[in-house]
Structure formats: C-alpha cells, structure tokens
Amino acid sequence: SYRMGGTCGNPKEANVEKAPDAIMKIRVLVVKLQGLPANNVPLENRELLVTCDAGMDAPFEMCKMNAIDPFFAVEFEAQAGNLDFTVYEVIDGREAELGRATLDASALDCHVEDLQLQGGSVSGAFITVKVKAEGNEYPEDEGLAEFTVSIDNPKKSKNLGVEVDSTGPSCYVSNIKANGLVDRYNKTAEDANILPIGGYIVAYNGVSDGGSAIEKAMKKAAPTVEFTVRPAEKFRIAIDKSAGGILGVDVPARPVGNAVFVQKVKDGGFVAKWNEDNPEQEVKPDDRIIEVNGKKGKAKELIDMIKKAPKTEKVVLTISRMASSYTE
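Since this is a predicted model, take the numbers as computed values, not measurements.

The rules we used
- Residues numbered from 1 in each chain as written.
- Predicted model: local features only at pLDDT ≥ 70, side-chain atom pairs only at ≥ 80, totals over all residues.
- Heavy atoms only, no water.
- Pairing = 2+ DSSP bridges.
- Helix = DSSP H or I, 4+ residues; strand = E, 2+ residues; numbered from the N terminus.
- Contact = heavy atoms within 4.5 Å.
- Axes fitted to C-alpha atoms, helices over the stretch in contact; angles between N-to-C directions.
- Core = buried A, V, L, I, M, F, W, Y, C linked by side-chain atoms within 4.5 Å.
- Buried < 20%, exposed > 50% of the residue type's maximum accessible area, 1.4 Å probe, protein only.

(A) Structural context of the sheet that holds strand 17 (residues 260–261). Taken in spatial order, the 4 strands line up as 15-20-19-17 in an open sheet, and their pairing is antiparallel. This sheet does not close on itself; its edge strands, each paired only once, are strand 15 (232–240) and strand 17. Here 9 bridges tie strand 15 to strand 20 (residues 314–322), and the two strands are oriented antiparallel to one another. Bridge pairing in strand 20 places Asp240 opposite Lys314. Across the sheet, helix 4 (residues 299–308) lies against strand 17, strand 19 (288–292) and strand 20, angled at about 65 degrees from strand 19, the strand it touches most.

Given below as structure tokens:
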C-alpha cells in the first residue's frame, strides 16, 4: 500500500508529558535496519522511514537517505507496552510500506532483539532494537560479543584446518578445511561457540599483537588451542560509477583469501563520496569487501567485479569489520 508523505529531517520525538505518572516509562534504542533488497534501488532521493507507535500522542519517526542498511542509533522515551514499528520506503514523496514488527516491552528490564519485518513487500529484513527500564543499562548484543573457542589437541596436531588472511590487526577466517581440528570441533559445538568463516581471530594461545604474529603462533603445536574470536559486523554500501572516477581505496599488492582488505580510503574516490554522505556508516581502514553485488569470490575476483561493472549501474559492496557494541 502507498500513502503520500515522508520527510527526512531530525528524528521527531513524540510528546509524552501528558502520560500519567503511574505509567512506566522505558528508553528505546533503535540501532539499525538490515536485510532489505538492494536490487533496483535508486542511489538518490530515496528515504527509509521507520515509525514506532508506543501508545504516545504521536508515533516517533526516524529516517535515513540513500542507505541500504541504515544505522540509526536513535533513542527515545516510550510507555512500557507494545512497540509497533513500521518501515516505509519513500521515493520522490511517494511512500510504500515495506513491513511491520512488534516488540512486547510491557515487562522488560533490559532487552535486545532483531525484529523480523512481516506483512510488507520484503522478506528477510530486520530491525535491531534495544530496551531498558529505569535503573538498567542497555544489554550487549550477544551476537556481536567477543568469545573464546578452546579445543583439546592431545596429539599436538598442527593441522588446525583454518585458512586466514593475516593482513591487519587480526586474522580474518577465510575458510575452515574439512576434517581439520577446528572442523571436527565445529561439528559438535553449539552454534554460538563455533569458529565461523568470516570471523576475526584477535588472539591465539595468548598471542594478540597483530595478524601476522597470530598466524605464526597458529603454526606451533600445542596440547590445547585457544582462539579469541570477534564476530563480523556487516553492512552494504552503494557506489555510483556513472560519473566516472575510481573506487579510491588502497589494497594489498597481492590480495589473498576471499576478501579485499582496505588499507586506506583515498580522497576523491567512490568510497570517499559514500563516507561523506554517510558519516555514521563510513568505510574505514582494516575493513574488508566481502561481496560485490551479492556475489562472493577470491579477493582478485572481487576487485575485477568492481572494475568491470558497467558505469550505467550502481555497485553494491558488502563490508565486513570486527564487531563493535552499540550500548552508548
């Protein structure tokens, strides 16, 4: 369904002063919206609008222009009860509902959840929301928290079966080889405790001073192997090649693995333009490009996909970085 309207300015917080004192108040933090389709999305004059009806005089609204996976980090006060979210796409003033989600916050002290959008024109998208009652703090997102993988290795096998790209401050896990020590562990471990492809090893058996040192330590035999792992945080950016120009990132002369390591973002390139327009979602040194237009590949293949993409089409890059926390 379509309805006219939608303006993207500063978030509008509803007036809650008239609410009775007996009604419990909560703080709500809308973190991000992810998983929306990226195909056939215009690069300009497109707004993603999120509204939240929480029993106030008017819904709270927040929006982002020309983002694919918008990061909001917008906080507001609400009444404890159902938080009804609706997501719209607004193009040239015409508004289309993409989906809805509801969180029952009537009895939550502190909570974080990825709310799946339902009933609209998209599937697989979700909005990340945190809630805290008075006297509480926002919870950490456990899916983004650092964790430890400890594996017994009584035979002191050097066949860990982990392929990594050690460029930068950590080791990016490119592949887990079949029947190696880690693969056998992953098959029996709970999902939350596996060493994932695409994760970041920030320490190994106490060694934590850079990717090269960690990779070197992983080649030494030990009766127990312990990985400190930080999950990946991903988002997508869209670059426009129609005006000509360059991608504008420095990458290793000999890229390895299945991701392109970003050494530097240079002025005047497509990525720098994105950063200028989206300061809350900048591409930074030590990030990695892991997909081009939704396609995976070896690092050199990904670079070729970007170079060979027609100038008449936008290019969507999926960016990966070590996860951070949004509890501020």
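(B) Examining the nonpolar core more closely. Counting 31 residues, the largest nonpolar core has Val28, Leu33, Phe76, Leu83, Phe85, Leu117 and Ile127 as the members making the most contacts within it. Where this core is concerned, the elements lending two or more residues are strand 2 (25–34), strand 3 (46–53), strand 4 (60–65), strand 5 (71–79), strand 6 (82–91), strand 7 (94–104) and strand 9 (126–133). In contact with Leu83, other than residues within four places in its own chain, are Ile26, Val28, Cys52, Asp53, Ala54, Ala78, Ala101, Thr102, Leu103, Ala105 and Val131. Among the nonpolar cores identified, the runner-up in size contains 23 residues, and Val260, Ala309, Val315 and Ile319 belong to it.

(C) Representation of the sheet that holds strand 11 (residues 162–165) in the model. Read from one edge of the open sheet, 5 strands run 10-14-13-12-11, paired in antiparallel fashion. The sheet terminates laterally at strand 10 (147–152) and strand 11, the two strands that pair on one side only. Pairs of neighbouring strands in the sheet enclose a mean axial angle of 45 degrees, with direction left out of account. Sheet topology places strand 11 next to strand 12 (residues 171–176); 4 bridges connect them, and they run antiparallel. Its bridge partner being in strand 12, Glu163 is matched across the sheet by Asn175. Against the sheet, helix 1 (residues 181–188) touches strand 10, strand 11, strand 12 and strand 14 (224–230), its axis set at about 110 degrees to strand 10. Against the sheet, helix 2 (residues 211–218) makes contact with strand 11, strand 12, strand 13 (200–204) and strand 14, and its axis sits at roughly 65 degrees relative to strand 13, the strand it touches most.

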